[in-house]
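Chains, contacts and geometry: an overview
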Amino acid sequence: MGFIAWLIVGAIAGWLAGVVVKGGGFGVLVDIIVGIVGAFIGGWLAGALGIHIGDGLLASIVTATVGAVILLFILRLIKRA
């Protein structure tokens, strides 16, 4: 994937994760960061569990969103402690 595609997937996934976890996005820059980190988490988790969602942009967004939701959930738990 190209750099622009990473930014697009990160922004969409970060925004979707913000909607799922918090009820709204965090701003474009933070959404991109959360989405990209979520993509790494989601990709690692899917590989560890032997799950293959598919190839392409939509599969990347789904994987990144799942990872970003997990990331935000963990961050919320740490923040409460």
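Quick note: structure is the one above.
The rules we used
Counting of residues starts from 1 at the beginning of each chain's written sequence and follows it residue by residue. Thresholds applied to this predicted model are a pLDDT of at least 70 for local features of residues and 80 or more for the giving and counting of side-chain atom pairs; totals over whole chains, interfaces and linings are not thresholded and use all residues. Note that the side-chain values use all heavy atoms of the structure and ignore hydrogens as well as water. The helix count covers DSSP runs of H or I at least four residues long, the strand count covers runs of E at least two residues long, and both are numbered beginning at the N terminus. For every residue, the accessible area obtained with a 1.4 Å probe (protein chains only) is divided by the maximum for its type, and the residue is called buried under 20%, exposed over 50%, and partly exposed between those limits. Whether two residues are in contact is decided by their heavy atoms, any of which lying within 4.5 Å being enough. For the area figures, the Shrake-Rupley method with a 1.4 Å probe applies, and any residue is considered shielded solely by the protein chains shown. Lines fitted to C-alpha atoms define the axes, with helix axes restricted to the stretch in contact, and inter-axis angles between N-to-C directions lie between 0 and 180 degrees. What sets the label is the angle itself: under 35 degrees gives roughly parallel, over 145 gives roughly antiparallel, 65 to 115 gives roughly perpendicular, and the rest give oblique. Gly is put with the polar residues, along with every residue not named as nonpolar or charged; the nonpolar set is Ala, Val, Leu, Ile, Met, Phe, Trp, Tyr, Cys and Pro, and the charged set is Asp, Glu, Lys and Arg. Without a salt bridge and with relative accessible area above 30%, a residue can belong to a patch; like charges are then joined within 9 Å and nonpolar side chains (Val, Leu, Ile, Met, Phe, Trp, Tyr) within 5 Å. For salt bridges, the criterion is a side-chain nitrogen of Lys or Arg within 4 Å of an Asp or Glu carboxyl oxygen.

Secondary structure assignment for the protein chain yields three helices and zero strands. In sequence order, the secondary structure elements of the protein chain are arranged as α-α-α. Here the C-alpha coordinates of the protein chain stretch approximately 35 × 30 × 15 Å along the principal axes. Put simply, the protein chain has 81 residues, and 30% of those count as buried. Sequence separation of 24 or more characterises 70% of the internal contacts of the protein chain that already satisfy a separation of 6 or more. Total accessible area on the protein chain is roughly 5,100 Å²; 76% of this is exposed by carbon and sulfur atoms.

Topologically, Thr65 is positioned in helix α3 (residues 57-80). Sequence-distant contacts of Thr65, that is, excluding residues within four places in its chain, are made with Ala13, Leu16 and Ala17.

The contact between helix α1 (residues 3-21) and helix α2 (residues 28-49) brings their axes to 6 Å, and the two run at 95°. For the element pair α1 / α2, the angle class is roughly perpendicular. Contact residues: α1 offers Trp6, Leu7, Gly10, Ala11, Ala13, Gly14 and Trp15, while α2 offers Asp31, Ile32, Val34, Gly35, Ile36 and Phe40. Looking at the contact of α1 with α2 residue by residue, the classes come out as nine nonpolar, three polar and one charged.

The next thing to look at is a nonpolar patch on the surface. Together, Leu49, Ile51, Ile53, Leu58, Val62 and Val66 make up an exposed nonpolar region whose accessible area comes to about 560 Å². Top element by residues in the nonpolar patch is α3. It accounts for three residues. Mapped onto the secondary structure, Ile53 falls in the loop between α2 and α3. Look at Ile53 and you get partly exposed, because its relative accessible area is 44%.

From the geometry alone we can't say anything about function, so treat these as descriptive.
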